[in-house]
Amino acid sequence: MTGQPQHVVVVGAGLGGIRTAEQLRAAGFQGKISLVGAEPHPPYDRPPLSKQVLTGEWAPERIVLCGKPRLDDLGIDARFGEPAVALHDGAVELADGARLTADAFVIATGVAARRLPGQPGTAHVLRTLDDTFALQNALATARSLLIVGAGFVGAEVAGAARARDITVTVLEAMPVPFTRALGPEIGAVCARLLTEGGVDLRTGARLERFTGESSVDLADGTHLTADVLLVGVGGTPELGWLAGTGIDTSDGVPCDARGRVEGRPGTWAVGDVAAWADPVRGHRHRAEHWTSATDQAAVVARDIVGADTAPLPTPYFWSDQFGLKIQLVGRPDLADTVLPLHGTALDGGPVKGTVAAYFAGEHLVAVVGFGAPRLVARYRRLVGPQATRTEVMALAAAG
Ligand SMILES: Cc1cc2nc3c(=O)[nH]c(=O)nc-3n(C[C@H](O)[C@H](O)[C@H](O)COP(=O)(O)OP(=O)(O)OC[C@H]3O[C@@H](n4cnc5c(N)ncnc54)[C@H](O)[C@@H]3O)c2cc1C
């Protein structure tokens, strides 16, 4: 491809897809943009699904990212409810047989809720707006909820259910929840949010089998049953439609640091599905975070139009649980030490107000805060440049 493409087809009408289309226009792209989405809904925001939409605080209309009038204004040819089934050289094929020929493609198909072997069809998952409606409906009359997986979505749903006085049991295979995302010290603080919120958290729990619509047996012989069962064990990249393309889809879509798909000129990938080259670690890395999808979309749109691109900003993630906002800036996976900056949760004190720093050697690589947005903001600018431990601890000591 030389110069700007004439037609960009964006496959996946979630956050990464719509942001890419919008950013293409913002970058001055004058050509044709098609946006293809498997779901019947216009692009919507997922974080509120397990928060304000589930609790009923927000009407679903509030999470629409781009409605029809704005799609028209932007000149985006949107096709919803029609999944892509194949990517050929120079064309995307849709389930209804339509072929969209183009000279640039953006893969933004996200992840699907991962399912466990033997998982009953009646078990709830939470990935889409329709999943949220189904769960909301089930919880309306439930007295008990069993959640398999103490991930962020599971913990948020647990909090929402406890607020309605529903008895909640959460099963976690690891000894400490959130270990992979936050490490064991901070994972233990998150575990306290669950237990202090009245959740029966069973760690080290090995699921033996599902025994009915909403009951399970654990490997230690325990039988658990509840009115509603939610399985929240992460996501699997939506890649089936790329079969036959030659793209190595063993862990997402492999891309360089501008989102260009390896070995496939004219194709980019953004969001949860995309494994971008990580300049820090040197390997590829998929980030299932809202800000990553948004930041990547801006880079990809500029790269498509041939404009300069800046490196991705420092990663950021948040979760709302039991009335507290958990915020994470940076890369805890790079750290070897965690030190408290404010608050005493790491020593068993109150969780709210606690801020901790992750260091790799002498350098700051991440900051986590619990209900402390102002304090997190104070350290945020220090994470990107990897400030020294001395500088960070001096700032903490200043109050
Ligand atoms: C319940 C929930 C809560 C979350 N909370 C937070 C949070 O608090 N903080 C945070 O940072 N992140 C959160 N996230 C993660 C965040 O929403 C995602 O990282 C973000 O949506 C990723 O955007 P995406 O475009 O890659 O994928 P998505 O937004 O999932 O969009 C992908 C779209 O592609 C469509 N698609 C799939 N296959 C095809 C196909 N073959 N053809 C056409 N379309 C297809 C899908 O239907 C979907 O609409 C949450 C996610 C969920 C599910």
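As recorded in an unreviewed UniProt entry, the protein chain goes by 3-phenylpropionate/trans-cinnamate dioxygenase ferredoxin reductase subunit and comes from Thermomonospora echinospora. What the UniProt record of the protein chain gives under Cofactor (unreviewed entry) is the line "FAD".

Participant: Could you clarify how one ought to interpret the site of the ligand in this entry?
Facilitator: Around the ligand, the surrounding shell holds 34 residues, and the nearest of these are Gly16, Glu39, Lys51, Ala84 and Asp272. In the model, an oxygen atom of the ligand is placed 2.9 Å from a nitrogen or oxygen of the Arg46 side chain. Within the side chain of Arg127, an N or O atom sits 3.0 Å from an oxygen atom of the ligand. Out of a free accessible area of 1,000 Å², the ligand has 94% covered by protein chains. Mapped by element, the contributors of at least two residues to the shell around the ligand are helix H1 (15–26), strand E2 (32–37), helix H5 (152–163), helix H7 (290–304) and strand E21 (316–321).

Participant: Just to check I follow, could you spell out H5 for this structure?
Facilitator: Side chains that are three or four residues apart share a direction in an α-helix, a result of its 3.6 residues per turn. Between the first and last C-alpha of H5 there are 17 Å, a value that for 12 residues agrees with the 16 Å anticipated at 1.5 Å per step. With respect to burial, H5 is a largely interior element, nine of its 12 residues being buried. Looking one or two residues beyond H5, the residue adopting positive phi is Asp165, at roughly 65°.

Participant: Explain the pattern of salt bridges here, please?
Facilitator: Should the charged atoms of two oppositely charged side chains come close, the side chains can pair. Summed over all chains, the structure comprises 20 salt bridges. Salt-bridge contacts for Glu22 lead to Arg70; the nearest nitrogen and oxygen are separated by 3.5 Å. Taken together, the residues span a long stretch of sequence, with Glu22 in helix H1 and Arg70 in helix H3 (residues 68–73) at a distance of 48 residues. Across the salt bridge formed by Asp272 and Arg127, the nearest N and O atoms sit 3.0 Å from each other. Linking Asp272 in the loop between strand E18 (267–269) and strand E19 (274–277) with Arg127 in the loop between strand E8 (111–113) and helix H4 (129–139), this pair joins segments that are 145 residues apart in sequence. You can call Arg127 partly exposed: its relative accessible area is 23%. Counted as one network, the salt bridges with shared partners bring together Arg19, Glu22 and Arg70.

Participant: How should the sheet that holds strand E14 (residues 223–225) be read in this particular structure?
Facilitator: Sheet strands associate in pairs through backbone hydrogen bonding, adopting either a parallel or an antiparallel arrangement. Ordered by their spatial adjacency, three strands build an open sheet running E12-E13-E14, and the pairing between neighbours is antiparallel. Edge strands, defined here as strands with exactly one partner in the open sheet, are strand E12 (207–212) and E14. Between one strand and the next, the sheet's axes are offset by a mean angle of 25°, whatever the strand orientation. For E12 and strand E13 (residues 215–218), the ladder comprises four bridges, and the chain directions are antiparallel. Paired with Leu207 across the two strands is Leu218, which belongs to E13.

Participant: Would you mind going over the packing of H1 against H7 with me for this structure?
Facilitator: For any two helices packed against each other, the geometry comes down to the angle between their axes and how far apart the axes lie. Where H1 contacts H7, the two axes come as close as 8 Å, and the packing angle between them is 35°. When you trace H1 past H7, the crossing you get is right-handed. Taking contact as the criterion, the partners of Leu15, Gly16, Arg19, Thr20, Gln23 and Leu24 in H1 are, on H7, Trp290, Ala293, Thr294, Ala297, Ala298, Val300, Ala301 and Ile304. Its residues assigned to classes, the contact of H1 with H7 shows nine nonpolar, four polar and one charged.

Cut-offs used in this document
Residues numbered from 1 in each chain as written. Predicted model: local features only at pLDDT ≥ 70, side-chain atom pairs only at ≥ 80, totals over all residues. Heavy atoms only, no water. UniProt positions renumbered as here; feature names shortened; annotations may be inferred. Near = heavy atom within 4 Å. Polar contact = N/O pair within 3.5 Å; in protein donor to acceptor, adjacent residues only side chain to side chain. Areas by Shrake-Rupley, 256 points an atom, 1.4 Å probe, with all protein chains shown as cover. Helix = DSSP H or I, 4+ residues; strand = E, 2+ residues; numbered from the N terminus. Expected span 1.5 Å × (residues − 1). Buried < 20%, exposed > 50% of the residue type's maximum accessible area, 1.4 Å probe, protein only. Salt bridge = Lys/Arg side-chain N within 4 Å of Asp/Glu carboxyl O. Pairing = 2+ DSSP bridges. Axes fitted to C-alpha atoms, helices over the stretch in contact; angles between N-to-C directions. Left-handed = near helix turned anticlockwise from the far one by under 90°. Contact = heavy atoms within 4.5 Å. Nonpolar A, V, L, I, M, F, W, Y, C, P; charged D, E, K, R; others polar.

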